[in-house]
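# Structural features, examined
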Amino acid sequence: MTTPVPGFASHDEETVRRDDRDHVFHSWSAQSLIDPLPIAEASGSYFTDYSGKRYLDFSSQLVNVNIGYQHPKLVAAIAEQASRLCTIQPSFANDARSEAARLIAEVAPAGLEKVFFTNGGAEAVENAVRMARLHTGRNKVFATYRSYHGATAGAISLTGDPRRWPAEPGQPGVIHFEGPYLYRSAFYSEDEAQECARSLQHLRDLIMYEGPKTVAAILLETVVGTNGILVPPAGYLAGVRAICDEFGIVMIADEVMSGFARCGEWFAIDRWGVRPDLITFAKGVNSGYVPLGGVIISDEIADTFSTRVYPGGLTYSGHPLACASAVASINIFKEEGIVEHARSLGEDVIGPGLEKLALKHPSIGEVRGLGVFWAIELVRDRETREPLVPYNAASADAAPMGEFASACKALGLWPFVHFNRTHVVPPCTTSAEEVREGLEILDQALDVTDRYYVGS
Ligand SMILES: Cc1ncc(COP(=O)(O)O)c(C=O)c1O
């Protein structure tokens, strides 16, 4: 069904599958146990396989295609830059790079004016942590258990979730802590205010035990993404900021997933009016049309490297093609009001739609989120909150979630599934009508998870 691409032998489904199986080594996978679906094309909120079956993408790939697929203006900007200048190394100045940095600083909180570009999120985290260590002259970094920060050596050590385990022993000086999560409170809290106060006290206690003067940074996802869409309670981020100020610790907001309209703001942290010292970004900055990430740097930390060398760099830091796509993407976000659209989708369509599903499906323990960043947490019993599948479930243990995902796919919806949750994270440009279409499919697929419900 697809038009052959000149120079590509792999244009029919069978050849793509065969060459993929024979030559592509996939991430996070036992190579012979996977069967990647070949994708032929994509547009807006949908992608299409080689049989012509179309999927409404409720995952935005890896929660990165915020602007939707094949936005014509973004594609044109990349083509235009490609025809002008594809590549120039980082020590030169370049218009695409300067403009991208200027626009990113403009939408970031005031006082964060400089951008260090990377190729993605993990490298952004590596560099943010390096900056914090050099700025403070300290080594330890705090990060939450329920987190993912990337797969490079430092970022995977900082990651709290089980993807860290095979990489251990990791980098020394990483301390994990419990962030707020009222539905499964580590602190037996009964409401948001308690959860906020107790989780801040826990963080403060750990800093005391570790030695405040040894701590360089607290790294946290402003709204935890893959590990649960955990929206912090009111006052939590301000509380972390206050702890950082008290002890001279750098606050790093990892906005790789939560930034660029995902939470109905330019950066999720805008919602709470808190100014971190460093912000890491990637994904939504240009929706992954060309790989790009980076660190937005406060004036204080930038000053540290004003007359002192910053010991870090990448051949492709500030790559013109990637930067031109960020420029175009940010301008499109402004022209089309994508941040505002994302906010209203959350408030008017996704949030109310999920609440309705929760009334109907007993296996829904909780729905939570904001903007275009939502989770449905599935349980076997609402009373005990026993998760539908255990933490880090695999193979047979994960079967109920696998059946749920298959039901979604059969009905033309591509879901994002993690542990006992499905996340509702379509592109931020998805229309209300398309979201409703997806919610109707979820409604049908949730009958599968209801069958595992044992509560009364
Ligand atoms: C919050 C967060 N930080 C960092 C990363 C790593 O980004 P990348 O995969 O681009 O290295 C991710 C990826 O999902 C992420 O969600």
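Values in this document were obtained by computation on a predicted structure and should not be read as measured data.

## A look at the sheet that holds strand 8 (residues 250–254)
In spatial order, the strands read 4-10-9-8-7-5-6; together these seven strands make up an open sheet with mixed pairing. The strands lining the two open edges of the sheet, one partner per strand, are strand 4 (112–118) and strand 6 (174–177). The mean angle between the axes of side-by-side strands here comes to 20°, regardless of whether they run parallel or antiparallel. Examined bridge by bridge, strand 9 (residues 278–281) and strand 10 (residues 293–298) share four bridges and lie antiparallel to one another. Its bridge partner being in strand 10, phenylalanine 281 is matched across the sheet by glycine 294.

## Thoughts on the side chain of histidine 423
Mapped onto the secondary structure, histidine 423 falls in strand 15 (residues 421–424). Excluding anything up to four places from it in sequence, histidine 423 contacts Phe58, Gly225, Thr226, Gly228, Ile229, Trp374, Ala375 and Phe416.

## With respect to helix 7 (residues 192–210)
In this model, helix 7 (19 residues) spans 27 Å end to end at C-alpha, consistent with the 27 Å of a helix rising 1.5 Å per residue. Taken together, the buried positions of helix 7 are Glu195, Cys196, Ser199, Leu200, His202, Leu203 and Ile207. Seen along its axis, helix 7 keeps its buried residues to an arc of 155°; they face one direction. In helix 7, the exposed positions angled more than 90 degrees off the buried face are occupied by Ala193, Met208 and Tyr209. Sitting at the head of helix 7, aspartate 191 places a side-chain oxygen 3.2 Å from the backbone nitrogen of alanine 193.

## Structural notes on the site of the ligand
As a matter of local geometry, the ligand sits amid Gly120, Gly121, Ala122, Tyr148, His149, Gly150, Glu221, Asp254, Val256, Met257 and Lys283. Contact distances for the ligand include 2.7 Å between a nitrogen atom and a side-chain N or O atom of aspartate 254. A distance of 2.9 Å is found between an oxygen atom of the ligand and a side-chain nitrogen or oxygen belonging to lysine 283. For the ligand, whose unbound accessible area comes to 390 Å², protein coverage reaches 80%. Of the residues belonging to the shell around the ligand, the class tally is four nonpolar, four polar and three charged.

## Some details on the packing of helix 11 (residues 338–360) against helix 13 (residues 432–450)
Helix-helix packing is described using two parameters, namely the angle between the two axes and the distance between the axes. For the pair helix 11 and helix 13, the least separation of the axes is 11 Å and the interaxial angle reads 15°. Classified by the angle their axes make, helix 11 and helix 13 are roughly parallel. The chirality of how helix 11 crosses helix 13 is right-handed. In contact with Leu345, Val349, Ile350, Gly353, Leu354, Leu357 and Lys360 of helix 11, helix 13 contributes Ala432, Val435, Arg436, Leu439, Leu442, Asp443 and Leu446. Class assignment of the residues belonging to the contact of helix 11 with helix 13 gives a composition of ten nonpolar, one polar and three charged.

## Thoughts on the pattern of salt bridges
Inspection of every chain in the model, using the stated rule, returns 23 salt bridges. Ionic pairing is found between arginine 102 and glutamate 99, a salt bridge with its closest N-O pair at 3.1 Å. Pair noted here: arginine 102 and glutamate 99 are both in helix 4 (residues 95–107), with a separation of three residues, about one helical turn. According to the relative accessible area criterion, arginine 102 is partly exposed, its value standing at 44%. A relative accessible area of 28% places glutamate 99 in the partly exposed class. The shortest N-O distance in the salt bridge between glutamate 168 and arginine 164 comes to 2.8 Å.

## Some details on the nonpolar core
Core analysis: the largest hydrophobic core is formed by 88 residues, its most contacted members being Ile218, Phe260, Phe267 and Leu442. No other element matches helix 10 (residues 320–336), which puts ten residues into this core. Aside from chain neighbours lying at most four places away, what touches phenylalanine 267 is Val107, Ala108, Pro109, Glu255, Gly259, Phe260, Ile279, Phe281 and Ile296. Counting 25 residues, the second largest nonpolar core, distinct from the first, contains Val174, Ala216, Leu219 and Phe305.

## Some points on the environment of arginine 436
Looking at where arginine 436 falls in the secondary structure, it is placed in helix 13. With 86 residues separating them in the primary sequence, arginine 436 and isoleucine 350 have C-alpha atoms 8.1 Å apart.

## Points about the packing of helix 12 (residues 399–410) against helix 13
At their nearest, the axes of helix 12 and helix 13 sit 9 Å apart, and the two run at 150° to each other. The pairing of helix 12 with helix 13 is recorded here as roughly antiparallel in orientation. Relative to helix 13, helix 12 is oriented so that their crossing is right-handed. Here helix 12 contributes Pro400, Glu403, Phe404, Ala407 and Cys408 to the contact with helix 13, which in turn contributes Ile441, Leu442, Ala445, Leu446, Val448 and Thr449.

Here is what the cut-offs are and how they apply
- Residues numbered from 1 in each chain as written.
- Predicted model: local features only at pLDDT ≥ 70, side-chain atom pairs only at ≥ 80, totals over all residues.
- Heavy atoms only, no water.
- Pairing = 2+ DSSP bridges.
- Helix = DSSP H or I, 4+ residues; strand = E, 2+ residues; numbered from the N terminus.
- Axes fitted to C-alpha atoms, helices over the stretch in contact; angles between N-to-C directions.
- Contact = heavy atoms within 4.5 Å.
- Expected span 1.5 Å × (residues − 1).
- Buried < 20%, exposed > 50% of the residue type's maximum accessible area, 1.4 Å probe, protein only.
- Arc of directions from axis to C-beta.
- Polar contact = N/O pair within 3.5 Å; in protein donor to acceptor, adjacent residues only side chain to side chain.
- Near = heavy atom within 4 Å.
- Areas by Shrake-Rupley, 256 points an atom, 1.4 Å probe, with all protein chains shown as cover.
- Nonpolar A, V, L, I, M, F, W, Y, C, P; charged D, E, K, R; others polar.
- Parallel < 35°, antiparallel > 145°, perpendicular 65-115°, else oblique.
- Left-handed = near helix turned anticlockwise from the far one by under 90°.
- Salt bridge = Lys/Arg side-chain N within 4 Å of Asp/Glu carboxyl O.
- Core = buried A, V, L, I, M, F, W, Y, C linked by side-chain atoms within 4.5 Å.

Structural measurements only, silent on function.
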